[in-house]
Amino acid sequence: MTDFPGPTDRSDTIGRAIPAGDARSRLRSALLSLRSYVASRVPEQEVEDIVQDVLLRWLSRAGAVEIQDLEAWLVPALEATGVRATAPVVRDRVRFWSVVARVETDAGRVWVKENAPSQAFEAALVQTVDGLVPDAVATPLAVDPGRGWLATADLGLPMWHDEAVPPVPDWVDVVQGYAAVQQVLTDHTEAVLATGVP
């Protein structure tokens, strides 16, 4: 996987170890080319699976976070809260800005997010917002602010989880909820900025 075509304007990435510059651009270009090439030949879900597989293989070769490293942090961190993993950690979604993994536990499914360096502040930000505005975000079960890792309990299906577009009142509730959180956070500017948020 060394002869990647052309540059790209995408500057974000996943994992702390993805090489900057040309290697990153070539990876992005290669994945887009791969998606285009197979899109007309196989079902959409298979396209996604193929791209995810290629990306994970690249990440592994580039020295990105190994699943064992994530598990070595997560399992003890969950146990400290009284939650015990009952299955191995499995990567579920791979994007350039983050990797999402999941693990089954005796308290239900737990989701784990590995943020890219550009988004690493999210882990500390979610923890801070949860402390300032309870129930505004998914309460973190474990956080590693230095690496941008965040674990939360499964909260069920997202609002828009199928073909049916949620009704307008649902969207209004979400926007009003976010506005209320922002109003509270304006009184805690220093705490928010201390998380590293741009």
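Further up the page is the structure itself.
Please read these numbers as outputs of a predicted model, since none were measured by experiment.

A. Inspection of the overall build of the protein at higher detail. Broken down by element type, the protein carries six helices and five strands. Counted from the first residue to the last, the protein has its helices and strands arranged as α-α-α-β-β-β-α-β-β-α-α. By residue count, 34% of the 198 residues in the protein fall in the buried class. Within the protein, counting contacts between residues at least 6 apart in sequence, those at least 24 apart form 50% of the total.

B. Spatial organisation of the packing of aromatic side chains. What the rule picks out here adds up to two aromatic pairs. Considering the side-chain rings of Trp-73 and Trp-149, the 5.5 Å spacing of their centres and the 65° angle between planes classify their relative orientation as edge-to-face. In this pair, Trp-73 sits in helix H3 (residues 67-79) while Trp-149 sits in strand S5 (residues 149-153), placing the two residues 76 residues apart along the sequence. Residue Trp-73 shares its accessibility class with Trp-149, and that shared class is buried. With a centroid separation of 5.8 Å and an interplanar angle of 80°, the aromatic rings of Trp-160 and Trp-171 are classed as edge-to-face. Of this pair, Trp-160 sits in the loop between S5 and helix H5 (168-185) while Trp-171 is found in helix H5, placing the two residues eleven residues apart along the sequence.

C. Inspection of the pairing of strand S4 (residues 140-144) at higher detail. S4 sits mainly inside the fold: four of its five residues count as buried. Inspection of the sheet shows S4 paired to S5 by four bridges, in the antiparallel sense. Counterpart to Ala-142 in the pairing with S5 is Ala-151. Between S4 and the antiparallel strand that follows it, S5, lie four residues; Gly-148 among them carries a positive phi value of about 75°.

D. Representation of the pairing of strand S2 (residues 98-105). With six of eight residues buried, S2 is to be regarded as a mostly interior element. Examined bridge by bridge, strand S1 (residues 90-94) and S2 share four bridges and lie antiparallel to one another. Residue pairing in the sheet places Val-94 in a bridge with Val-99 of S2. Counted between consecutive antiparallel strands, the loop separating S1 from S2 contains three residues. In this sheet, strand S3 (residues 108-115) lies alongside S2 in antiparallel orientation, the contact comprising eight bridges. When the sheet's bridge partners are listed, Ser-98 is paired in S3 with Asn-115. Here S2 folds back onto S3, and the loop between the two strands holds two residues.

E. Up close: the sheet that holds S1. Here five strands make up an open sheet; going across it, the order is S1-S2-S3-S5-S4 and the pairing antiparallel. With one partner strand each, in any of the chains shown, S1 and S4 form the two edges of the open sheet. Across the sheet, the axes of successive neighbouring strands diverge by a mean angle of 20°, strand direction being ignored. Bridge count for S3 against S5 is five bridges, and the pairing is antiparallel. Within S5, the position partnered with Glu-114 by the bridge is Trp-149. Docked against the sheet, helix H4 (residues 121-132) engages S3, S4 and S5, running at close to 140° with respect to S4.

F. Up close: unusual backbone geometry. A positive phi is found at Asp-135, a non-glycine position, where the angle reads about 75°. Of note, Asp-135 is situated in the loop between H4 and S4.

The rules behind these values
Residues numbered from 1 in each chain as written. Predicted model: local features only at pLDDT ≥ 70, side-chain atom pairs only at ≥ 80, totals over all residues. Heavy atoms only, no water. Helix = DSSP H or I, 4+ residues; strand = E, 2+ residues; numbered from the N terminus. Buried < 20%, exposed > 50% of the residue type's maximum accessible area, 1.4 Å probe, protein only. Contact = heavy atoms within 4.5 Å. Phe/Tyr/Trp six-rings, centres within 6.5 Å; stacked < 30°, edge-to-face > 60°. Pairing = 2+ DSSP bridges. Axes fitted to C-alpha atoms, helices over the stretch in contact; angles between N-to-C directions.

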